[in-house]
Amino acid sequence: MKQLFYRTINKMKKNEKINKVNEPWSDYLSLGIRSVDMQHKRFFMMLDDLRKNFTESQKTGDIINEDLKNQMLSDLEDYTVYHFRTEENLMHDSNYPDIEIHIQQHNLFIKKLAEFRTAYKFQSQVLMEQMIGFLGKWFLVHISDYDKKYVEHIKQRDTSKLN
């Protein structure tokens, strides 16, 4: 599991497109499965809203409603699990051979989200900014590498799932 984590980190560091992305979503990430692409876009919108919320509270010195922050984090966690289950169902239905590796990637991300929740509890702005950046970059690498592999597999087996 650690090896898988470090492999993803190395890909994050090497991928120039990912390091240049300043928008919540870029079309080069589109996979061609409308439901999955829409979920990816929604994830990035949620992450961007979270980033803006924390950045704004840092700039103004205001303490944003704690219930709102908690709700945003919970919504992001819930949506991520929902999205991962959608992908895993697609992989299962198409008999994707590397499904276990992909599920390990999903589990790693869910673990990182839990760590983000811990960082939030400590109210460390720097740590929270780093975690938001990490989550976004990790998700970008995951889409551009791991997700594209299972989509290629689906394209070979069942074009009805594609746009």
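Residues numbered from 1 in each chain as written. Predicted model: local features only at pLDDT ≥ 70, side-chain atom pairs only at ≥ 80, totals over all residues. Heavy atoms only, no water.

Caption draft 1: Broad picture of the overall build of the chain. Tallying secondary structure elements over the chain gives 6 helices and 0 strands in all. The order of α-helices and β-strands along the chain, N terminus first, is α-α-α-α-α-α. Looking at the 163 residues of the chain, the share that counts as buried comes to 45%. Split by element, the accessible area of the chain, about 9,200 Å² in all, is 50% carbon and sulfur. (Helix = DSSP H or I, 4+ residues; strand = E, 2+ residues; numbered from the N terminus. Buried < 20%, exposed > 50% of the residue type's maximum accessible area, 1.4 Å probe, protein only. Areas by Shrake-Rupley, 256 points an atom, 1.4 Å probe, with all protein chains shown as cover.)

Caption draft 2: Structural view of the confidence of the model for the chain. A residue-level look at the chain finds 74% of positions with pLDDT of 70 or above and a mean pLDDT of 80. Element-level mean pLDDT values for the chain span from 47 in helix H2 (residues 16-20) up to 90 in helix H4 (residues 66-93). Contacts for the low-pLDDT stretch residues 17-22, under 50 throughout, to residues beyond four places or in other chains number 12 contacts. (pLDDT = per-residue confidence, 0-100. Contact = heavy atoms within 4.5 Å.)

Caption draft 3: Seen up close, the environment of histidine 106. With respect to the helices and strands, the residue histidine 106 is situated in helix H5 (residues 99-121). For the pair histidine 106 and arginine 85, spaced 21 residues apart in sequence, the C-alpha separation works out to 9.2 Å. Not counting the four nearest positions on each side in its chain, histidine 106 is found in contact with Phe84, Glu87, Glu88, Met91 and His142.

Caption draft 4: Geometry of the nonpolar core. Membership of the largest hydrophobic core comes to 38 residues, with the highest contact counts inside it found for Leu50, Phe109, Phe116, Phe139 and Tyr150. If you list the elements that add at least two residues to this core, you get helix H3 (34-60), H4, H5 and helix H6 (125-157). (Core = buried A, V, L, I, M, F, W, Y, C linked by side-chain atoms within 4.5 Å.)

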